[in-house]
There are 2 protein chains.
Amino acid sequence: MYKRQELAQVSATTVSHTLNGRRPVAEQTRRRVLAAIEELGYRPNVLARGLRTSRSQTIGLVIPDITNPFYPALARGLQDVLGPAGYDQIIGNTDGERRLERAALEQMIARQVDGLVFAVFNTHAEDLLPVIDAGIPVVRLGGRLVQRGVDVVHSDDEGGAREATRYLLERGYRRIGFVCGPAGEGPAAERVAGYRTALADAGGGEGAPVAGHAGGCDGAVVGGAGAEVRPGLVVRTHFSRQGGAEGAARLLDLPEPPDALLCANDVMAIGALDVALERGLRVPGDVAIMGFDDIEAASMVTPRLTTMANPAREIGRAGARRLLDRLEGRVAEPSSEMVIPSRLVRRESA
Amino acid sequence: MYKRQELAQVSATTVSHTLNGRRPVAEQTRRRVLAAIEELGYRPNVLARGLRTSRSQTIGLVIPDITNPFYPALARGLQDVLGPAGYDQIIGNTDGERRLERAALEQMIARQVDGLVFAVFNTHAEDLLPVIDAGIPVVRLGGRLVQRGVDVVHSDDEGGAREATRYLLERGYRRIGFVCGPAGEGPAAERVAGYRTALADAGGGEGAPVAGHAGGCDGAVVGGAGAEVRPGLVVRTHFSRQGGAEGAARLLDLPEPPDALLCANDVMAIGALDVALERGLRVPGDVAIMGFDDIEAASMVTPRLTTMANPAREIGRAGARRLLDRLEGRVAEPSSEMVIPSRLVRRESA
DNA sequence: GTGAAAGCGCTAACAG
DNA sequence: CTGTTAGCGCTTTCAC
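Residue numbers here run from 1 along each chain, matching the order of that chain's written sequence. Whichever chain is written first becomes A and whichever ligand is written first becomes 1, with later ones labelled in order. Residues qualify for local features only when their pLDDT is at least 70, as the model is predicted, and side-chain atom pairs are given and counted only at 80 or more; totals for whole chains, interfaces and linings, by contrast, use all residues. The basis for the side-chain values is all heavy atoms of the structure; hydrogens and waters are excluded.

Participant: Looking at this structure, how should I read the overall build of chain A?
Facilitator: Here a strand is any run of E in DSSP of at least two residues, a helix any run of H or I of at least four, and the numbering for each starts at the N terminus. Counting secondary structure elements, chain A contains 12 helices and 12 strands. Taken across its 350 residues, chain A has 52% of its residues classed as buried. Long-range contacts, defined here as pairs at least 24 residues apart, represent 68% of the contacts in chain A between residues at least 6 apart. Only carbon and sulfur atoms are counted for the fraction: they give 50% of the accessible area of chain A, which is about 15100 Å². Each residue gets one of three labels from its accessible area relative to the maximum for its type: buried under 20%, exposed over 50%, partly exposed in between, using a 1.4 Å probe on protein chains only. Two residues qualify as a contact provided that any one of their heavy atoms is within 4.5 Å of a heavy atom in the partner residue. Residue-level accessible areas treat just the shown protein chains as cover; the underlying method is Shrake-Rupley with a 1.4 Å probe.

Participant: Would you mind going over the packing of helix α2 (residues 12–20) of chain B against helix α3 (residues 27–40) of chain B with me for this structure?
Facilitator: Between two packed helices, what matters for the description is the angle formed by their axes and the separation of those axes. All names here are of chain B. Running from amino to carboxyl end, α2 crosses α3 at an angle of 95°, the nearest separation of the two axes being 10 Å. Taken together, the axes of α2 and α3 lie roughly perpendicular to each other. Where α2 abuts α3, its residues Thr 14, Val 15, Thr 18 and Leu 19 lie against Thr 29, Arg 30, Val 33, Leu 34 and Ile 37. Residue classes follow a fixed rule: Ala, Val, Leu, Ile, Met, Phe, Trp, Tyr, Cys and Pro count as nonpolar, while Asp, Glu, Lys and Arg count as charged, and any other residue, Gly among them, counts as polar. Class assignment for the residues of the contact of α2 with α3 results in five nonpolar, three polar and one charged. As a rule, the C-alpha atoms of each element are fitted with a line to give its axis, helices using only the stretch in contact, and angles between N-to-C directions run from 0 to 180 degrees. An angle below 35 degrees is treated as roughly parallel, one above 145 as roughly antiparallel, one from 65 to 115 as roughly perpendicular, and anything else as oblique.

Participant: Explain the relation of the copies chain A and chain B here, please?
Facilitator: One copy of the chain maps onto the second through a rotation about an axis and a displacement along it. With an RMSD of 0.1 Å, chain A superimposes on chain B once it is rotated by 180° and translated 0.1 Å along the axis. The superposition operator between the copies reduces to a two-fold rotation axis. Both copies contact each other with a shared surface, as 100% of the interface residues of chain A are interface residues in chain B too. We superpose the copies by least squares over the C-alpha atoms of residues that have a pLDDT of at least 70 in both of them.

Participant: It is not clear to me how the interface of chain A and chain B should be interpreted in this structure. Could you clarify?
Facilitator: A common measure of how large an interface is: the accessible area buried when the components associate. Contacts between the two partners involve 43 residues from chain A, matched on the other side by 43 residues from chain B. Taking both partners together, chain A and chain B bury about 3900 Å²; carbon and sulfur atoms supply 52% of that area. Any carboxyl oxygen of Asp or Glu within 4 Å of a side-chain nitrogen of Lys or Arg constitutes a salt bridge here. Between chain A and chain B we count eight salt bridges in total. Pairs of N or O atoms are called polar contacts if they sit within 3.5 Å, as long as, within protein, a hydrogen donor faces a hydrogen acceptor (for residues adjacent in sequence, only side-chain-to-side-chain pairs). Connecting chain A to chain B are 20 residue pairs in polar contact (both at pLDDT 80 or more). Summed over both partners, the accessible area (1.4 Å probe) lost when two parts come together is defined as the buried area.

Participant: Can you help me understand the protein's contact with DNA strand D in this one?
Facilitator: The environment of DNA strand D is made up of 27 residues, and the closest members are Ala 26, Thr 29 and Arg 52 of chain A together with Tyr 42 and Arg 52 of chain B. Here a residue is considered near a molecule or strand provided that any single heavy atom belonging to it is located within 4 Å of it. Atoms of DNA strand D within 4 Å of the protein belong to the sugar or the phosphate in 57% of instances, the rest to bases. Measuring from a phosphate oxygen of DNA strand D, one finds a backbone N or O atom of Ala 26 of chain A at 2.7 Å. Between DNA strand D and Arg 52 of chain A there is a distance of 3.1 Å, counted from a base nitrogen to a side-chain nitrogen or oxygen. Secondary-structure elements contributing two or more residues to the surface near DNA strand D are α2 (12–20) and α4 (46–53) of chain A together with α2 and α4 (46–53) of chain B. Taken together, the residues of the surface near DNA strand D break down into eight nonpolar, 11 polar and eight charged.

Participant: Just checking my understanding: could you explain the packing of aromatic side chains for this structure?
Facilitator: What describes a pair of aromatic rings is the distance from one ring centre to the other and the angle between the planes of the rings. Residues and elements named next belong to chain A. In this analysis, rings of Phe, Tyr and Trp, with Trp reduced to its six-membered ring, are considered paired at centre separations within 6.5 Å, and the interplanar angle assigns stacked below 30 degrees, edge-to-face beyond 60, and tilted for intermediate values. Counted under the stated rule, the structure contains four aromatic pairs over all chains. Seen from their ring centres, Phe 178 and Tyr 195 are 5.0 Å apart, and the 50° between their planes marks the pair as tilted. With a gap of 17 residues between them, Phe 178 in strand β6 (residues 176–180) and Tyr 195 in helix α9 (residues 188–201) connect regions that are remote in the sequence. Judged by its relative accessible area of 0%, Tyr 195 falls in the buried class.

Participant: So what exactly am I meant to see when it comes to the side chain of Thr 14 of chain A here?
Facilitator: Among the secondary structure elements, Thr 14 of chain A is positioned in helix α2. Here Thr 14 of chain A is in contact with Val 25 and Thr 29 of chain A, once residues within four sequence places are set aside.

Participant: Just to check I follow, could you spell out the sheet that holds strand β10 (residues 306–309) of chain A for this structure?
Facilitator: The strands making up a sheet associate through backbone hydrogen bonding, with each pair oriented either parallel or antiparallel. All names here are of chain A. Taken in spatial order, the six strands make up an open sheet running β7-β6-β8-β9-β10-β12, and their pairing is mixed. Strand pairing shows two members of the sheet lacking a second neighbour, β7 (233–236) and β12 (343–345), which therefore form its edges. With strand direction ignored, the average angle separating the axes of adjacent strands in the sheet is 20°. In this sheet, strand β8 (residues 260–263) lies alongside β6 in parallel orientation, the contact comprising four bridges. Looking across to β8, one finds that Phe 178 is bridged to Leu 262. In the packing of helix α8 (residues 157–170) onto the sheet, the strands contacted are β6, β8, β9 (288–293), β10 and β12, and the crossing angle to β9 comes to about 160°. Strand contacts of helix α11 (residues 266–278): β6, β8, β9 and β10, with the helix running at about 160° to β9, the strand carrying the most contacts. For two strands to be treated as a pair, DSSP must find no fewer than two bridges joining them.

Participant: What should I look at first to understand the pairing of strand β10 (residues 306–309) of chain B in this one?
Facilitator: Consecutive side chains along a regular strand alternate between the two faces of the sheet. Residue and element names in this part refer to chain B. Alternating residues of β10 divide into Thr 306 and Met 308 and Thr 307 and Ala 309, and every residue in both groups is buried. Here strand β9 (residues 288–293) runs beside β10; their pairing, made up of four bridges, is parallel. Residue Asp 293 lies in a different strand from β10, and its bridge partner there is Ala 309.

Participant: Mind showing me how you'd approach empty space enclosed by the protein here?
Facilitator: Sizing a probe to match a water molecule and rolling it over the atoms shows the empty space that remains. We place a 1 Å grid over just the protein atoms. Points where a 1.4 Å probe fits but has no way out form a cavity, open points with protein on both sides within 12 Å along at least 5 of 7 lines form a pocket, and any residue with an atom within 4 Å of a point lines it. Grid points are joined across faces, edges and corners, and a volume is the space filled by probe spheres set on the points. One pass over the full model with this rule turns up three cavities of 30 Å³ or more. In this structure, the largest cavity occupies an estimated 180 Å³ of space. Lining the largest cavity, in full, are Val 46, Leu 47, Ser 56, Thr 58, Ile 90 and Arg 111 of chain A together with Val 46, Leu 47, Ser 56, Thr 58, Ile 90 and Arg 111 of chain B. When contributions to the lining of the largest cavity are tallied by element, the ones reaching two or more residues are α4 of chain A together with α4 of chain B.

Participant: How should I be thinking about the sheet that holds strand β8 (residues 260–263) of chain B in this particular structure?
Facilitator: All names here are of chain B. As summarised here, the arrangement of the six strands in space is β7-β6-β8-β9-β10-β12, forming an open sheet in which the pairing is mixed. Looking at the sheet topology across the chains shown, the edges are occupied by β7 (233–236) and β12 (343–345). Shown here is a sheet whose adjacent strand axes are inclined to one another by a mean of 20°, direction ignored. Inspection of the sheet shows β8 paired to β9 by three bridges, in the parallel sense. Pairing of Leu 262 across the sheet is with Met 290, part of β9. Of the strands in this sheet, β6 (176–180), β7, β8 and β9 are in contact with helix α9 (residues 188–201), which crosses β6 at around 175°.

Participant: Before we go on, may I ask you to explain the domain arrangement of chain A in this structure?
Facilitator: If you check the domain split of chain A, you get domain 1 (2–44), domain 2 (56–156 + 312–341) and domain 3 (157–309). Domain limits in this description derive from either an automatic procedure or a database domain assignment. One C-alpha centre belongs to domain 1 of chain A, the other to domain 2 of chain A; they are set 36 Å apart.

Participant: Any chance you could explain the nonpolar core here in plain terms?
Facilitator: In summary, soluble globular proteins display a tendency toward joint burial of nonpolar side chains. The term nonpolar core refers to a set of buried residues drawn from Ala, Val, Leu, Ile, Met, Phe, Trp, Tyr and Cys, joined through side-chain atoms within 4.5 Å. Leu 168, Ile 176, Leu 262 and Ile 289 of chain A together with Leu 168, Leu 262 and Ile 289 of chain B are the most contacted members of the largest nonpolar core, which totals 98 residues. Not counting chain neighbours up to four residues away, the residues in contact with Leu 262 of chain A comprise Ala 161, Ala 164, Thr 165, Leu 168, Ile 176, Gly 177, Phe 178, Val 179, Tyr 195, Met 290 and Phe 292 of chain A. Ile 91, Ile 315 and Ala 318 of chain A together with Leu 61 of chain B belong to the second largest nonpolar core, which has 52 residues in total.

In structure tokens:
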């Protein structure tokens, strides 16, 4: 097989430089080289290049499950930024198992990834140490953990919950229940906090968990300035349709049931929708329902779901930018935190 | 930095062989090496290995858009099989653009992928040639194109449509409309064919496009053996919710409207659901609705959608197995075709 | 059962 | 502006 040098009459060095532009090449040589490349269908071997430069032009993405629609959007956001910069990604699914997670990280190191994007919730900080020790920049997506050597990008869960609650308050709802996931899992705490803040700002007091003691008037729906806001009504259940249904049922069974339900994600909100309709309640007439995330199905149920969009692709892009900054040595601080705002998506359900 | 040889007092050769097991290593040496590896946190450099062996242990996956929920399932299916065999995947999104598609293929070659999985519909066979010429085994997912050097795995669109149609016939529906996508795009032709076959088998004749001339009785709903089946009623529109709504509307506006609508995918079926409910029709009482794919939202709309599941993950697994066969030299034929059955998912809408 | 040496395809350092 | 040389970390002869 012809070596490219032979056809173009140049050394491999020159080929390298015409391709990478690290040093000037005479226009004529350049053309000869390019022509030969074209003719021979030559493609540089990325592995060899990586071995030599110790940069694989690859970044690793570690997630629980690409099948969960949040993560493809994340991956796409990363690709939006990293792709044009010449990086490919390899994806490791952990299914939430710590063993698989550690295996994935080892694999990423062995693959010589130039950077790592990590988007798994329940992780011990120490599991990331091998990666950090290997000198690989890490960006964590969606966690809140602050750790030396790790940049964090996450959505503004607290602010989003606050905005959602305020939105409901503005529309006149006064007894707003919160159907939350298990404490400690995912962004539960932040969202409850935001919800509470909004209620407190509106004069609703702090509110006890679950069947918070009645604190106000009965149910001013178009309630103007005068109507008193109910204290927080938080119910904890699972992050599933069934969980949402159960949580909603518990709240609606209260002697003074809420006139609006804010759910920790859309799937739960759809469960809440189920029970509301089952009971013959009109949505949003009798009870408003809101979710979080804006999954595909949110716009497909009846009534379509008002929700706070979780900007996965945005988060991916922002994380990728941070990573690029690191890779190109543009960042000094040992770690950073970045918050991406959620966006209110108004539809019929609230 | 300590070289591993030094701590364990062995040559790199021996380390290599203890790790890869290509030749016997004395038990005692073995242990010493493993201990040293553990102690030093040594991880073999996959790039170097790849350069030497010219096998990157990587497979490329080329798809239109990871954000479309069909493809993550595919990717996961691939990973189910390829992961344990030691392969990682890199994903290229083409957004359906031929330019990006070709760039992705070039990129895969440059990355020295050991195999390629290709899941883009509208592709000219010639675009795959560079890959085939590079000696890289290719598995095509979801296409129907038969091409030398390319194995094909796809779902049984024709059989699925036949089964869906038969299911509706069994339940007593007699005037079944088909809301189809644009001719030539995706699996449209096969699904129409399956639908026609089932109708013909049931005595419904061949059926003209769109407003097929009336051919039978008026609307036996629980119609037993006697009721005559209507000839095919096919409407072509877009693969979208809006498209489905328009197609359904056209069919329902017919002088003798169908009593069941089979839609080419779930998103379209949800559009059909929209218009049916809008018109005060009961589903499935007045009109049954079925989709294809079983997307997440299918079980979240009201009534929940009966559909033919498109077994993306299964297809991924089957494709991966084929690819492994090729990689390990277990297949002789120049190309093969494999069909994965669809599965009926019964819910309320039909 | 083990080691020494060569070389995969590339780029960086050092000539010229 | 271009070429020669060396070496990235591994696996594979070939030798013992």
